[in-house]
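Read off the chains here:
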Amino acid sequence: MPCQSKGRIGRSSLLLLFAVSRRCPVKKTAPEHTRRLAGAAEELGRHQLAYGRRVSKAELFARIDAVDADTVKAVAERFLYDKDVAIAAYGPTQGLPDYNWFRRRTFWLRY
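Q: Account for the overall build of the chain, with residues named and values stated.
A: What the chain contains, in helices and strands, is five helices and zero strands. With 111 residues in all, the chain has 16% of them scored as buried. In the chain, once contacts between residues fewer than 6 apart in sequence are set aside, the share between residues at least 24 apart is 46%. Of the roughly 9000 Å² of accessible surface on the chain, 59% is carried by carbon and sulfur atoms.

Q: Quick one: what's the story with the packing of aromatic side chains, residue by residue and with numbers?
A: For the structure on display, the rule yields one aromatic pair. An angle of 90 degrees between the planes, with centres 5.0 Å apart, marks the rings of tryptophan 101 and phenylalanine 102 as edge-to-face. Residue classification places phenylalanine 102 among the partly exposed residues on the basis of a relative accessible area of 24%.

Q: Talk me through the side chain of histidine 47; I want residue IDs and the actual numbers.
A: Mapped onto the elements, histidine 47 comes out in helix H2 (residues 37-51). The class for histidine 47 is buried, based on a relative accessible area of 4%.

Q: With reference to specific residues and values, describe the confidence of the model for the chain.
A: Note that predicted coordinates carrying low pLDDT should not be read in detail. Summarising the model, the chain shows a mean pLDDT of 77, and 76% of its residues fall at 70 or more. Mean pLDDT across the elements of the chain bottoms out in helix H1 (residues 14-33) (71) and peaks in helix H3 (residues 57-65) (86).

Q: Lay out the pattern of salt bridges in plain terms, naming residues and giving numbers.
A: For the structure shown, the criterion picks out five salt bridges. The closest approach of N and O atoms between lysine 57 and glutamate 43, which form a salt bridge, is 3.3 Å. Here the residue lysine 57 occupies a position in helix H3, and glutamate 43 occupies one in helix H2, the gap between them amounting to 14 residues. Exposure remark for glutamate 43: the relative accessible area of 4% places this residue in the buried category. Among the salt bridges present, the one from glutamate 59 reaches arginine 53, with a minimum N-O distance of 2.8 Å. The exposure class of glutamate 59 is partly exposed, given its relative accessible area of 24%. One network of salt bridges, with partners in common, ties together Arg53, Glu59 and Arg63.

Criteria and cut-off values
Residues numbered from 1 in each chain as written. Predicted model: local features only at pLDDT ≥ 70, side-chain atom pairs only at ≥ 80, totals over all residues. Heavy atoms only, no water. Helix = DSSP H or I, 4+ residues; strand = E, 2+ residues; numbered from the N terminus. Buried < 20%, exposed > 50% of the residue type's maximum accessible area, 1.4 Å probe, protein only. Contact = heavy atoms within 4.5 Å. Areas by Shrake-Rupley, 256 points an atom, 1.4 Å probe, with all protein chains shown as cover. Phe/Tyr/Trp six-rings, centres within 6.5 Å; stacked < 30°, edge-to-face > 60°. pLDDT = per-residue confidence, 0-100. Salt bridge = Lys/Arg side-chain N within 4 Å of Asp/Glu carboxyl O.

What follows is the structure in structure tokens.
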């Protein structure tokens with residue numbers, strides 16, 4: 001899929017729009033990151049830790065293209081839905097809601 005979106009995306013595809021719009025920046029920065037020796041070493045280490053081997057550019061781009069709305073939804077449900085939150089604030093905190101206000105918002109029915 002090219003980086004420019006052609007045509008209209010369906011109504012219920014806010015997640016799909018997010019998934020598609022994030023693909024292009026990731027694909028564009030991947031080759032730039034490995035031009036430096038430190039970037040290449042970091043990528044090799046990341047691939048070794050995540051996959052146990054070095055991943056080719058073609059496979060990496062195929063994995064990026066495989067991300068769709070269902071994948072984004074599954075990840076959001078796994079890591080965000082009904083989870084405890086950590087709150088950090090800097091400056092005046094009088095208007096900051098309490099912990100329970102934030103916690104209640106992690107289990108809304110969103111889908």
